[in-house]
Amino acid sequence: MFVTDVNDVKIYNLSAGKSLPEWLSEEKKRQLLKKNAELRRRIELIQDFDMPGVSTGIRMSKDNQYILATGTYKPRMKCFDVNQLSLKFERCFDSEPVTFEVLSDDYSKVVFLHGDRYVEIHATAGKHYRLRIPKFGRDLAYHEPTCDLCIVGQSSEIYRLNLERGQFLQPYSTSASCSNTIKVNPEHHLVCVGTHEGTVEAWDPRVRERVGILDVAMRIESKSLASVTSLAWKNGLNMAVGTQSGHVALYDIRTSQPMLVKDLLNRLPVKKVQYNPQESLVYSLDSSMFKIWDENTGKQRAYIESEASFNDFCTVPGSGMFFFAQEAPKMLAYYIPDFGPAPRWCSFLDNLTQEIESETVQNIYDDYKFVTKQELEELGLENLIGTNMLRAYMHGFFIDMRLYKKAKEVVDPFAWERYKKEKIRKQIEAMRPSRVKIDDKLPKVNKDLAQKFIEAEDNSKNALKDARFKAMFENPEYEIDKNAEEYRLLSHVMSRLDRNKKKKAPVPTENLKEVASDEAESSDEDLFFDKSDDGSNDEGSSDDDRAWSKDLKQEFKKIQREKRQKDEQEEEQKRFEKKLKMFEVRNGDEFNLKALKKKASKATLGERVSKIRNTEEVQTISGIGNRQMTFSTAKPKSREDRKRQEEMKRHREERKKLIRPTTSLRLKKIFPK
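Quick summary incoming for the structure in this document. All figures in this text were calculated on a predicted structure; none of them were measured in a lab.

Reading the values: rules and limits
Residues numbered from 1 in each chain as written. Predicted model: local features only at pLDDT ≥ 70, side-chain atom pairs only at ≥ 80, totals over all residues. Heavy atoms only, no water. Helix = DSSP H or I, 4+ residues; strand = E, 2+ residues; numbered from the N terminus. Contact = heavy atoms within 4.5 Å. Areas by Shrake-Rupley, 256 points an atom, 1.4 Å probe, with all protein chains shown as cover. Salt bridge = Lys/Arg side-chain N within 4 Å of Asp/Glu carboxyl O. Buried < 20%, exposed > 50% of the residue type's maximum accessible area, 1.4 Å probe, protein only. Pairing = 2+ DSSP bridges. Axes fitted to C-alpha atoms, helices over the stretch in contact; angles between N-to-C directions. Phe/Tyr/Trp six-rings, centres within 6.5 Å; stacked < 30°, edge-to-face > 60°. Lys NZ or Arg CZ within 6 Å of the ring centre and 35° of its normal. Polar contact = N/O pair within 3.5 Å; in protein donor to acceptor, adjacent residues only side chain to side chain. Patch = residues over 30% accessible without salt bridge, like charges linked within 9 Å, V, L, I, M, F, W, Y side chains within 5 Å. Lys, Arg positive; Asp, Glu negative; His and termini not counted. Charge placed at Lys NZ, Arg CZ, Asp CG, Glu CD.

**A word on the overall build of the protein**
In step 1: A count of helices and strands for the protein gives 14 helices and 34 strands.
In step 2: Restricting the contact set of the protein to residue pairs at least 6 apart, pairs at least 24 apart contribute 44%.
In step 3: Accessible surface computed for the protein: about 47,200 Å², of which carbon and sulfur atoms make up 50%.

Written out as C-alpha cells, the structure reads:
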C-alpha cells in the first residue's frame, strides 16, 4: 500500500507494490515472502486484477457485486466477484472492444461494441448474438423504457436497435457530421448526444424528434475546436459536459449558460465525467490525471496520477473506492476515506487505514526537486521547458530528482569529491578538539551579528534561541560574505549608525549631578553666551559627515575598479580560449591544408557572418538590434607578393636616406625691382 497526501486528503493506492510471478511454486513464493518485507506488506485486494497487455474499459454492475473489465491482447473480458475477491470468469473476443454496457443488475446481460463495427450481446452462458452496424461506432447507451440500444459513431445518425423485437428501427438524423458520446437521463429518459462540432443534442424517444440543442463550444475559450467527448447526469436537470480541449462545463438544462466551466489545465480530451451527489463533487478523467473537484466552486480537492495513460474508471456508489483501467497490464485500485467509507466486501480497509494514519505520510513531491529558471539554464536544461519532464510551479519548476542529479554530475563532475573532502574535514575537526578551551557563548557562524543582537536589546537574545533563525547561526552556508559589494557599502552605513547611537546614549546620573553643580556655580554672563550655540558641535558633526561620505565614495570607486578589472580578466581569458586550439594527431591521419583554405574561400557571406557573429569583428552600435561588421573582400596574398612588398618597403627606406633635404637652398631673385 502506498499513501500520498494531497490537500490534506489521504489517498491509498491498493495496487502499489511488487507482485509475484504466476509460474513460481508455492514453496518459492513463501520463501520470497519471508525474505522481502515489501512483498509481505503489499495488499492484493482482488486476485488476478490485471490484463495480459492493456486494459481499455471497466464497469461496476448495478448490484455492486461484480466488476467487469475489457482489455487486450488477446481481446477479452474479465468478470471479478467482489465477495470472493477473485476472478469469476473470462471470455475472449475476435476483435478489440471499444466500449460496453451492462444491461442487467448482474453480469447476465452485457452488450459490447467492437472496433470492426460488430455489436455482441452476451448472456450468462456466453455470446448470445452478433450483428453489424453500417458505420464505425464510438459509444452506446441503453434506453430502458423502449428497450432500444442507441449507438453513435462516425455518422450523423443515431442507430437504434430494439432488443425486444430484435430489429433495427429508423435512426435519428442529427445535424452533426459525427458523434462521440451518448447518455440517457435516468429520470426523464432524455437521450443526449455529444457531437464533434461541440454541441449537445437532446432527443425525446416518445415523439422521435430533437427537442433541444446546446452549443458548448461557444461558451469555452479554446484555440482548438471544443468537441464534446463525454457526458454525465446528476439528476433530471444537472448535466456535466467534457470537451476535447480539456474543459468540463456544468449545465442546468433549463438555460444555455453554463453554471461553471472548469479548465483541467492538461489540454487533453476528457475521457469520462461523473457526479458524486452525496459529497457535491465531480470526477473528471483524462489520459494523464484523475481530478476530484467541488461542483459549486470548482476548487480541486484531490487528484491521482499514473505512470501510464488512463483509459477508464468506475466507482463503487456510496464509497471512496475507485478502479482504473490504464495503458498497462495492471488495473489500479484506490481508496480515499474522505469521500466515503470502504464497501462492505472490503470493510477491513477502514481499520487498516486508521492504523496507518498515525504513521508518516510520504509527501507527493519527495522524488522531485524544485529549481528556478536560472538554475535550469546553469544545468543546461532550459530546452525542457514546455515538456512533460518539467512541471511548472509558482516561480520555478519541479524536476525528477534522478534527472537533476545526472545533469548536476555533467555540469559539475567534481562536486561529489568536494563534498567528501568537506565531510572528512568536519569529522577530523570534531575528533580533534582545540588545546585551549574558551567558554564562548557566541555561535560559530555569524559571531558579529550575534554579538550585535545581544548588545542591542535583552529581548533579542531570544532570536538566537528561536528555531526559525537556528540555521543562520549553525549552517556555514549562511555565513555573511564580508567581501561582497553590498556588505562593503553597508558596513559604512552601519558604522555611522553605531556612532550616532553612542552619541545619543543616556548620560549616567553621576555626570548629571556634576553638570547641575557647574550650572549652579556659573555666573550671570553665561546666560547671555550659550555654549551650545557657538557652532563648535555643528562643525564637528559636519566634518564627520564629510569624512564619512568621502570614505563611502572611495569604497564605491574601489569596488567599481575591482569589478572592471575582473571583467577585463574574464574577457582576456575568453579571447585566449578562443585563440587556443588543440588538435589530436593520430597515426595514419593526413591533413590537406590547401583544401581547407579553398573550402573557406568558397564560403558564402552568410556562412562567414554566422561564424564571426560572436567575435570582435561584429559590434553593437546605438541600441539593440543594430550591428556593424568589418571584413575584407581582398584575396589573401601569396608568398611572392609578400616578398615583393617587403623589398619595395626596404627600397623606399634606402631612398629616403639618400635624398638631400632642400632646407639649405635659397631662391635667387629672377626679376629685379
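On we go from here.
**Some thoughts on the pattern of salt bridges**
In step 1: Following the criterion strictly, the structure yields 16 salt bridges and no others.
In step 2: Between Arg-402 and Asp-400 there is a salt bridge whose closest N-O contact spans 3.1 Å.
In step 3: Taking the shortest distance from any N to any O, the salt bridge between Lys-420 and Glu-417 comes out at 3.9 Å. With Lys-420 and Glu-417 both in helix H6 (residues 415-431) and three residues apart, this pair spans about one turn of that helix.
In step 4: With relative accessibility at 38%, the residue Glu-417 sits in the partly exposed group.
In step 5: Beyond isolated ion pairs, a larger network of salt bridges with shared partners links Arg-59, Lys-272 and Asp-312.

**Section: the sheet that holds strand E13 (residues 157-162)**
In step 1: One open sheet holds the four strands; their spatial order is E11-E12-E13-E14, and the pairing between them is antiparallel. Of all strands in the sheet, those bounded by a partner on one side alone are strand E11 (137-143) and strand E14 (167-173). On average, each strand axis in the sheet is inclined to that of its neighbour by 25 degrees, with strand direction left out of account.

**Observations concerning the environment of Met-259**
In step 1: Checked against the element boundaries, Met-259 lands in the loop between strand E21 (247-252) and strand E22 (260-263).
In step 2: Looking at Met-259, the relative accessible area reads 51%, which means it is exposed.
In step 3: For Met-259 and Asn-238, which are 21 residues apart along the polypeptide, the C-alpha to C-alpha distance reads 9.7 Å.
In step 4: Setting aside its immediate chain neighbours within four residues, Met-259 contacts Asn-238, Leu-250, Tyr-251 and Asp-252.

**Observations regarding the pairing of strand E31 (residues 390-393)**
In step 1: Pairing analysis gives four bridges linking E31 to strand E32 (residues 396-400), with the strands arranged antiparallel. Of the residues in E32, the one forming a bridge with Tyr-393 is Gly-396.
In step 2: What sits between E31 and E32 in their antiparallel hairpin is a turn of two residues, with Met-394 showing a positive phi close to 55 degrees.

**Observations regarding the packing of aromatic side chains**
In step 1: Applying the stated criterion across every chain yields a total of 19 aromatic pairs.
In step 2: Centre to centre, the rings of Phe-370 and Phe-398 are 5.6 Å apart; their planes meet at 65 degrees, and the pair counts as edge-to-face. Here Phe-370, found in strand E30 (residues 368-372), pairs with Phe-398, found in strand E32; they are 28 residues apart in sequence, far enough to count as distant.
In step 3: A residue is classified by how much of its surface remains accessible, and Phe-370, at 29% relative accessible area, is partly exposed.
In step 4: When its relative accessible area of 10% is taken as the criterion, Phe-398 is described as buried.
In step 5: The structure contains a cluster of three or more aromatic residues connected by ring pairs, namely Tyr-283, Phe-290, Phe-310, Phe-313, Phe-322, Phe-324 and Tyr-334.
In step 6: Above the plane of the ring of Phe-136 lies Arg-117, whose end atom (NZ or CZ) is 5.6 Å from the centre.
In step 7: The ring of Tyr-118 carries the charged tip of Arg-130 above its face, separated from the ring centre by 3.7 Å.

**Regarding the environment of Ala-240**
In step 1: With respect to the helices, strands and loops of the structure, Ala-240 is situated in strand E20 (residues 238-243).
In step 2: When the C-alpha positions of Ala-240 and Leu-260 are compared, they lie 9.6 Å apart, and in sequence the two are 20 residues distant.
In step 3: Sequence-distant contacts of Ala-240, defined by excluding residues within four places in its chain, comprise Ser-230, Leu-231, Ala-232, Ala-249, Leu-250, Val-273 and Tyr-275.

**What to know about the side chain of His-247**
In step 1: Summarising the element assignment, His-247 is placed in strand E21.
In step 2: A polar contact is formed between the side chain of His-247 and the side chain of Ser-245, at a distance of 2.9 Å.
In step 3: Discounting chain neighbours no more than four positions away, the residues touching His-247 are Ile-220, Glu-221, Ser-222, Val-241, Gly-242, Val-261, Lys-262, Asp-263 and Val-270.

**Considering the sheet that holds strand E27 (residues 310-315)**
In step 1: Sheet architecture is open: five strands sit in the order E1-E2-E29-E28-E27, paired in antiparallel fashion. Single-partner strands in this sheet number two, and they are strand E1 (2-6) and E27. Each strand of the sheet is rotated relative to its neighbour by a mean of 25 degrees, with strand direction disregarded.
In step 2: Pairing between strand E2 (residues 9-13) and strand E29 (residues 332-335): two bridges, direction antiparallel. Bridge assignment links Tyr-12 to a residue of E29, and that residue is Tyr-335.

**Section: a positive patch on the surface**
In step 1: Side chains of Lys-553, Lys-557, Lys-558, Arg-561 and Arg-564 sit close together on the surface and give a patch of like positive charge.
In step 2: We classify Arg-564 as partly exposed; its relative accessible area is 49%.

**Examining the pairing of strand E5 (residues 76-81)**
In step 1: For E5, the buried fraction is high: six of the six residues fall into the buried class.
In step 2: Burial along E5 is two-sided: the face carrying Arg-76, Lys-78 and Phe-80 and the face carrying Met-77, Cys-79 and Asp-81 are both buried.
In step 3: Bridge count for strand E4 (residues 66-72) against E5 is six bridges, and the pairing is antiparallel. Following the sheet pairing, Leu-68 is matched in E5 by Cys-79.
In step 4: Linking E4 back to E5 in an antiparallel pair, the connection comprises three residues.
In step 5: Alignment of E5 against strand E6 (residues 86-92), held across six bridges, turns out to be antiparallel. Its bridge partner being in E6, Asp-81 is matched across the sheet by Ser-86.

**A word on the side chain of Ser-104**
In step 1: In this structure, Ser-104 sits in the loop between strand E7 (97-102) and strand E8 (110-114).
In step 2: For Ser-104, the side chain forms a polar contact with the main-chain oxygen of Asp-106, separated by 2.9 Å.
In step 3: For Ser-104, the contacting residues outside a window of four places in its chain are Lys-62 and Lys-109.

**Overview of a negative patch on the surface**
In step 1: Taken together, the side chains of Glu-375, Glu-377, Glu-378 and Glu-382 present a region of like negative charge at the surface.
In step 2: Checked against the element boundaries, Glu-378 lands in helix H4 (residues 373-379).
In step 3: Taking the relative accessible area as the measure of exposure, Glu-378 reaches 52% and is therefore exposed.

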